[in-house]
Amino acid sequence: MGQVAWKGLFLSLFDYKTEKYVIAKNKKVGILYRVVQLSILAYLVGWVFVVKKGYQDTDTSLQSSVITKLKGVAFTNTSELGERLWDVADYVIPPQGESVFFVMTNLIVTPNQRQATCPESASIPDALCYKDEDCPSGEAVVAGNGVKTGRCLKDRDSVRGTCEVLAWCPVEKRSKPKKPLLASAENFTVYIKNSIRFPKFKFSKMNVLATNNESYLKSCRYSTEHPYCPIFLLGNIVRWAGSDFQEMALEGGVIGIQIEWNCDLDKAPSECNPHYSFSRLDNKFSEKSVSSGYNFRFAKYYRDAEGVDYRTLIKAYGIRFDVMVNGKAGKFNIIPTVINIGSGLALMGAGAFFCDLVLLYLIKKSNFYRGKKYEEVKSSSRKSLSSPTLNGNQSPDQLGAL
């Protein structure tokens, strides 16, 4: 028995299958087939070619350069600094603007520091002490300003004091600012010049209007009427990012400026335009957190007539702007067009295969249709085919007699 089965399996390797077309007069399956065809056609034309532009070759390796320049002045009058006028050389860091720039909106100033010994700040836990042994000499204060000298300094009636440190004295104030010093920075402007290039298509463009009018960039502001005037008010940028400038200026934050270039190079170059979007990158809901805001420290050094070095320590709060550029360019190419058309034709075949499954296995008369579609023909069985078959097939002799 097993030998017969193996023999049948071996002989089946030399069978040949050919297609037999059967027209099934079944309206339900016919409607299903047309719906599948129309769905595949709509997907191919609507989504692949119209929406995704599947007929184009694309380039996402965007090459970009960003140059920023700020304008604006502010006047302040404080006890630490007196009357002072602030211009771009004072509040913009770094001075050479690129894709990241910082605008100082608030600051804490500790003037006239010199290297000496003084009490550490009482707000630092590692600096608190009850006796001199709590301040081992030569040990750096954790999260502090200097090195312990071995002395515990107390007020007259106090039990607890702070360690004496060798540091830049007096040490920095630890209080947070109550209101932004440079509140008028809301009206400062920033010029964002962006040059891009798609190397595959050798296409280059800039986000600045090509004009010989020297006064254009001095008077225009970015709007829907002036999309090629990349000069923005800082207050507008923060507002478009969903935040309030005065609240953000108090302790600082981070704003993202996104420039998107999506270019269809089958159209005129004038149709390739930049699109701007703005978002706040730090957590705007964490104003009450100890880690809220954005700040850093820097110092300005000088030496008096006696040769003693001094410095003015500045803890700067402000808004950091990150300019991010990305994009994609597309242009007609026969290769992706042929590939997508071929994929569509393959999907058509898959649709026909699905309808075959429904016709031959899922409907009530599937056995009848299956008998019509599949027929086994043997050249040595002419006598077995001498009479009409139950499934409507005739032998070659009967077909010749018709």
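Preceding this section is the structure that the text describes.
Residues numbered from 1 in each chain as written. Predicted model: local features only at pLDDT ≥ 70, side-chain atom pairs only at ≥ 80, totals over all residues. Heavy atoms only, no water.

A. Main features of the overall build of the protein chain. A tally of regular secondary structure across the protein chain gives 9 helices and 16 strands. Expressed as lengths along the three principal axes of its C-alpha atoms, the size of the protein chain is roughly 130 × 70 × 35 Å. With 402 residues in all, the protein chain has 35% of them scored as buried. Contacts spanning at least 24 positions in sequence make up 67% of the contacts within the protein chain whose residues lie at least 6 apart. Here the protein chain carries 52 positive and 39 negative side-chain charges, and the mean point of each set is 14 Å from the other. (Helix = DSSP H or I, 4+ residues; strand = E, 2+ residues; numbered from the N terminus. Buried < 20%, exposed > 50% of the residue type's maximum accessible area, 1.4 Å probe, protein only. Contact = heavy atoms within 4.5 Å. Lys, Arg positive; Asp, Glu negative; His and termini not counted. Charge placed at Lys NZ, Arg CZ, Asp CG, Glu CD.)

B. Region of interest: the pairing of strand β6 (residues 100-119). Strand direction decides the pairing type here: strand β5 (residues 92-93) and β6, joined by 2 bridges, are antiparallel. What sits directly across from Val92, in β6, is Val103. Direction of pairing for β6 relative to strand β16 (residues 309-332): antiparallel, over a ladder of 11 bridges. For Thr110, the partnering residue across the bridge sits in β16 and is Leu313. Sheet topology note: the β6/strand β9 (residues 161-169) ladder contains 6 bridges and is antiparallel. (Pairing = 2+ DSSP bridges.)

C. Quick look at the pairing of strand β13 (residues 253-264). For β13, the tally of buried residues reaches 10 of 12 residues, placing the bulk of the element in the interior. Pairing between β13 and β16: 12 bridges, direction parallel. Bridged to Gly253 within β16 is Ile319. Pairing of β13 with strand β14 (residues 274-280) involves 7 bridges; the strand directions are antiparallel.

D. Quick peek at a nonpolar patch on the surface. Together, Leu38, Leu41, Tyr43, Val45, Trp47, Val50, Val51 and Leu347 line one region of the surface with nonpolar side chains, adding up to about 750 Å² of accessible area. When residues of the nonpolar patch are assigned to their parent elements, the largest contribution, 7 residues, is made by helix α2 (residues 27-51). (Patch = residues over 30% accessible without salt bridge, like charges linked within 9 Å, V, L, I, M, F, W, Y side chains within 5 Å. Areas by Shrake-Rupley, 256 points an atom, 1.4 Å probe, with all protein chains shown as cover. Salt bridge = Lys/Arg side-chain N within 4 Å of Asp/Glu carboxyl O.)

E. Expanded view of the pattern of salt bridges. Counting across every chain of the model gives 10 salt bridges. Measuring nitrogen to oxygen at the nearest pair gives 3.6 Å for the salt bridge that ties Arg84 to Asp90. The partner of Asp309 in a salt bridge is Arg303, and the shortest N-O contact between them spans 2.7 Å.

F. Expanded view of the packing of helix α7 (residues 334-362) against helix α8 (residues 366-373). Viewed as axis vectors pointing N to C, α7 and α8 meet at an angle of 115 degrees, and their least axial separation amounts to 6 Å. Between α7, through Asp356, Leu359, Leu360, Tyr361 and Leu362, and α8, the contact on the second element is made entirely by Ser366, Tyr369, Arg370 and Lys373. Taken together, the residues of the contact of α7 with α8 break down into 5 nonpolar, 1 polar and 3 charged. (Axes fitted to C-alpha atoms, helices over the stretch in contact; angles between N-to-C directions. Nonpolar A, V, L, I, M, F, W, Y, C, P; charged D, E, K, R; others polar.)

G. Here's a closer look at the state of the cysteines. Within this structure, the stated rule accounts for 5 disulfides. Disulfide pairing places Cys118 opposite Cys169 at an S-S distance of 2.0 Å. Taking the sign of the S-S torsion, -80 degrees for the link of Cys118 and Cys169, the bridge is left-handed. Pair noted here: Cys118 is in strand β6 and Cys169 is in strand β9, with a separation of 51 residues, a long-range link. Covalently, Cys220 is tied to Cys229 through a disulfide, its sulfur atoms 1.9 Å apart. The sign of the 85 degrees torsion about the S-S bond sets the Cys220-Cys229 disulfide as right-handed. Each of the two residues, Cys220 as well as Cys229, counts as buried. Each bonded cysteine in the protein chain gets a number by its place in the sequence, and the pairs come out as 1-6, 2-4, 3-5, 7-8, 9-10. (Disulfide = S-S within 2.5 Å.)

H. Broad picture of the packing of α2 against α7. Close contact between α2 and α7 brings their axes to 10 Å; oriented N to C, the two are set at 160 degrees. Taken together, α2 and α7 sit at an angle that is classed as roughly antiparallel. Seen from above, α2 lies across α7 with right-handed handedness. Here Val29, Leu32, Tyr33, Val36, Gln37, Ile40, Leu41, Tyr43, Leu44, Val48 and Phe49 of α2 come into contact with α7, specifically with Thr337, Asn340, Ile341, Gly344, Leu347, Met348, Gly351, Ala352, Phe354, Cys355, Val358 and Leu359. (Parallel < 35°, antiparallel > 145°, perpendicular 65-115°, else oblique. Left-handed = near helix turned anticlockwise from the far one by under 90°.)

I. Examining the environment of Asn213 more closely. Structurally, the position occupied by Asn213 is in the loop between β11 (203-206) and α4 (216-219). When its relative accessible area of 43% is taken as the criterion, Asn213 is described as partly exposed. A polar side-chain atom of Asn213 sits 2.7 Å from a polar atom in the side chain of Ser215. (Polar contact = N/O pair within 3.5 Å; in protein donor to acceptor, adjacent residues only side chain to side chain.)

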